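Listed below are the residues making up each chain.
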Amino acid sequence: MARRRIIAGNWKMNKTPSEAKELVALLAPLVKNDDVDVVYCVPAIDIVPVAEAVAGTNVMVGAENMYIEDKGAFTGEISPDMLVDAGVKFVIIGHSERREYFKEDDTFLNKKVLKAFEKGLTPILCCGETLEQREAGVTLDWIRLQIKSDLQGVSAEQAASMVIAYEPIWAIGTGRTATSEQAEEVCKAIRELICEIYDEATAEAIRIQYGGSMNAGNAAELLSMPNIDGGLIGGASLKADFAQIVNA
Ligand code: PGA
């Protein structure tokens with residue numbers, strides 16, 4: 001069974017609500033493509049206006065983060081129920097920027113993954129190595145450790161429905177993309193790990209994205225690899241290039 005492609009934009013901390021509406025309007029006619037899942041993962045304050053703006057189109061809304069509790073005294077945090085009520089379908093979990101700047105570790109990220117599933121949100125779980133790790137030859141060990149830890153207690157059925165994004169940290173926002181061979185090697189290893197933890201059917205169903213300086217110029221080649229089912233796009237998701245990636 002062919003896996004459906006999924007192209008997600010990660011807007012990061014960009015676009016005010018007014019700017020977000022302008023960007024959605026600019027992209028709307030360009031990203032119409034029934035063969036691909038298109039997701040805009042946007043800052044919390046943009047979720048409501050973006051959800052309104054994409055209603056009735058093929059685009060789905062994602063969050064860039066969420067908290068692990070249902071409600072209560074967690075000043076500044078956003079609960080999964082709030083996201084669901086606003087129309088969010090996907091949530092990015094474990095982006096390297098959250099791991100680095102907000103000190104989110106795998107024990108905490110595992111709680112986020114489980115909470116997302118409990119609430120009916122689809123996690124886009126990120127993993128990736130630093131340049132030092134790649135040069136030391138421990139990339140695959142590191143990725144395996146991240147994914148195994150983050151998926152503790154996740155059922156095969158849940159895993160089959162989720163998205164994993166392989167994002168080498170040295171390729172994020174640097175303009176230095178992994179080669180398609182490098183990206184494929186890791187995405188293939190992730191699928192093999194899913195087969196090891198669960199089974200063949202789960203490994204065949206799970207969707208694996210590449211992320212890290214993906215753009216209109218390199219997307220087609222990366223997306224042609226057998227184990228790369230889509231992309232998580234940062235910088236290029238904020239302009240018309242995003243539509244070229246969707247259509248690649
Ligand atoms: P980039 O970011 O496309 O700007 O490299 C990707 C990401 O961080 O998800």
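The structure reproduced in this document is the subject of the present report. (Residues numbered from 1 in each chain as written. Predicted model: local features only at pLDDT ≥ 70, side-chain atom pairs only at ≥ 80, totals over all residues. Heavy atoms only, no water.)

## Some thoughts on helix α7 (residues 139-150)
Item 1. For α7, built from 12 residues, the straight-helix expectation of 16 Å at 1.5 Å per residue is met to within 8% by its first-to-last C-alpha distance of 17 Å.
Item 2. Residues of α7 that are buried make contact with α4 (96-101), α5 (106-118), β5 (122-127), α6 (131-135), β6 (163-166) and α9 (180-197). (Helix = DSSP H or I, 4+ residues; strand = E, 2+ residues; numbered from the N terminus. Expected span 1.5 Å × (residues − 1). Contact = heavy atoms within 4.5 Å.)

## Here we look at the packing of aromatic side chains
Item 1. In the structure shown here, the tally under the stated rule is five aromatic pairs.
Item 2. Ring centres 6.3 Å apart and planes at 50 degrees place the aromatic pair tyrosine 67 and phenylalanine 108 in the tilted group. Of this pair, tyrosine 67 sits in the loop between β3 (59-63) and α3 (80-85) while phenylalanine 108 sits in helix α5, and the two are 41 residues apart along the sequence.
Item 3. Since its relative accessible area comes to 19%, tyrosine 67 is described here as buried.
Item 4. On the basis of relative accessibility, which here comes to 22%, the residue phenylalanine 108 falls in the partly exposed class.
Item 5. An aromatic cluster of three or more residues is present, and its members are Trp11, Tyr40 and Phe242.
Item 6. Of note, arginine 98 hangs over the ring of phenylalanine 102, and the distance from its end group to the ring centre comes to 4.1 Å. (Phe/Tyr/Trp six-rings, centres within 6.5 Å; stacked < 30°, edge-to-face > 60°. Buried < 20%, exposed > 50% of the residue type's maximum accessible area, 1.4 Å probe, protein only. Lys NZ or Arg CZ within 6 Å of the ring centre and 35° of its normal.)

## Details of the pairing of β3
Item 1. The buried fraction of β3 amounts to four of the five residues, a majority that puts the element mostly inside the structure.
Item 2. Between the parallel pair strand β2 (residues 36-42) and β3, the chain is carried across by helix α2 (residues 47-54), and the sense of this crossover is right-handed.
Item 3. The sheet contact formed by β3 and strand β4 (residues 88-93) spans three bridges and is parallel. Note on β4: the bridge partner recorded for alanine 63 is valine 91. (Right-handed = clockwise from strand over helix to strand, strands pointing away. Pairing = 2+ DSSP bridges.)

## A word on the layout of surface pockets
Item 1. Approximately 580 Å³ is the volume found for the largest pocket.
Item 2. Lining the largest pocket are 21 residues, and of these Lys12, Glu64, Asn65, Arg98 and Phe102 sit closest to its centre.
Item 3. Per element, the largest residue contribution to the lining of the largest pocket is three residues, and it comes from α4.
Item 4. Partitioned by chemical class, the residues of the lining of the largest pocket number 12 nonpolar, four polar and five charged.
Item 5. Of the voids in this model, the second largest pocket is the one considered here, and its volume is about 230 Å³.
Item 6. What lines the second largest pocket is a set of 19 residues, among which Gly173, Ser213, Met214, Gly234 and Gly235 lie closest to the centre.
Item 7. Taken together, the residues that form the lining of the second largest pocket break down as five nonpolar, 11 polar and three charged. (1 Å grid on protein atoms, 1.4 Å probe; cavity = no way out; pocket = protein on both sides within 12 Å on 5 of 7 lines; lining within 4 Å. Points joined across faces, edges and corners; volume = space filled by probe spheres on them. Nonpolar A, V, L, I, M, F, W, Y, C, P; charged D, E, K, R; others polar.)

## A word on the sheet that holds strand β7 (residues 207-211)
Item 1. What the eight strands build is a closed barrel, ordered β1-β2-β3-β4-β5-β6-β7-β8; its pairing is parallel. Shown here is a sheet whose adjacent strand axes are inclined to one another by a mean of 25 degrees, direction ignored.
Item 2. For β6 and β7, the ladder comprises four bridges, and the chain directions are parallel. Paired with valine 163 across the strands is arginine 207, a residue of β7. (Axes fitted to C-alpha atoms, helices over the stretch in contact; angles between N-to-C directions.)

## Digging into the pattern of salt bridges
Item 1. Overall, the coordinates contain 18 salt bridges when judged by the stated rule.
Item 2. Its salt-bridge partner being lysine 115, residue aspartate 70 comes within 2.7 Å of it at the nearest N-O pair. Pair noted here: aspartate 70 is in the loop between β3 and α3 and lysine 115 is in helix α5, with a separation of 45 residues, a long-range link.
Item 3. Of the residues examined, lysine 115 reaches a relative accessible area of 12% and is grouped as buried. (Salt bridge = Lys/Arg side-chain N within 4 Å of Asp/Glu carboxyl O.)

## With respect to the environment of glycine 175
Item 1. With respect to the element layout, glycine 175 can be found in the loop between β6 and α9.
Item 2. Between the alpha carbons of glycine 175 and arginine 98 there is a distance of 20 Å; along the sequence they are 77 residues apart.

## Observations regarding the state of the cysteines
Item 1. One pass over the full model with this rule turns up zero disulfides.
Item 2. Of all cysteine sulfurs in the structure, the one in cysteine 127 sits closest to cysteine 126, which takes part in no disulfide; the separation is 7.6 Å. (Disulfide = S-S within 2.5 Å.)

## Digging into the packing of α5 against α7
Item 1. Across the interface, α5 lies against α7 with an axial gap of 8 Å and an inter-helix angle of 50 degrees. Our classification of the angle between α5 and α7 gives oblique. Where α5 approaches α7, its residues Asp106, Leu109, Asn110 and Val113 are matched on the opposing element by Gln146, Ser149 and Asp150.
Item 2. Grouping the constituent residues of the contact of α5 with α7 by class yields two nonpolar, three polar and two charged. (Parallel < 35°, antiparallel > 145°, perpendicular 65-115°, else oblique.)

## Remarks on empty space enclosed by the protein
Item 1. All chains considered together, the criterion is met by one cavity of 30 Å³ or more.
Item 2. Each pocket or cavity is described by its volume, and for the largest cavity that value is around 40 Å³.
Item 3. In this structure, the largest cavity is lined by Gly94, His95, Ser96, Arg99, Cys126, Cys127, Gly128, Glu167 and Ile169.
Item 4. Its residues assigned to classes, the lining of the largest cavity comprises three nonpolar, four polar and two charged.

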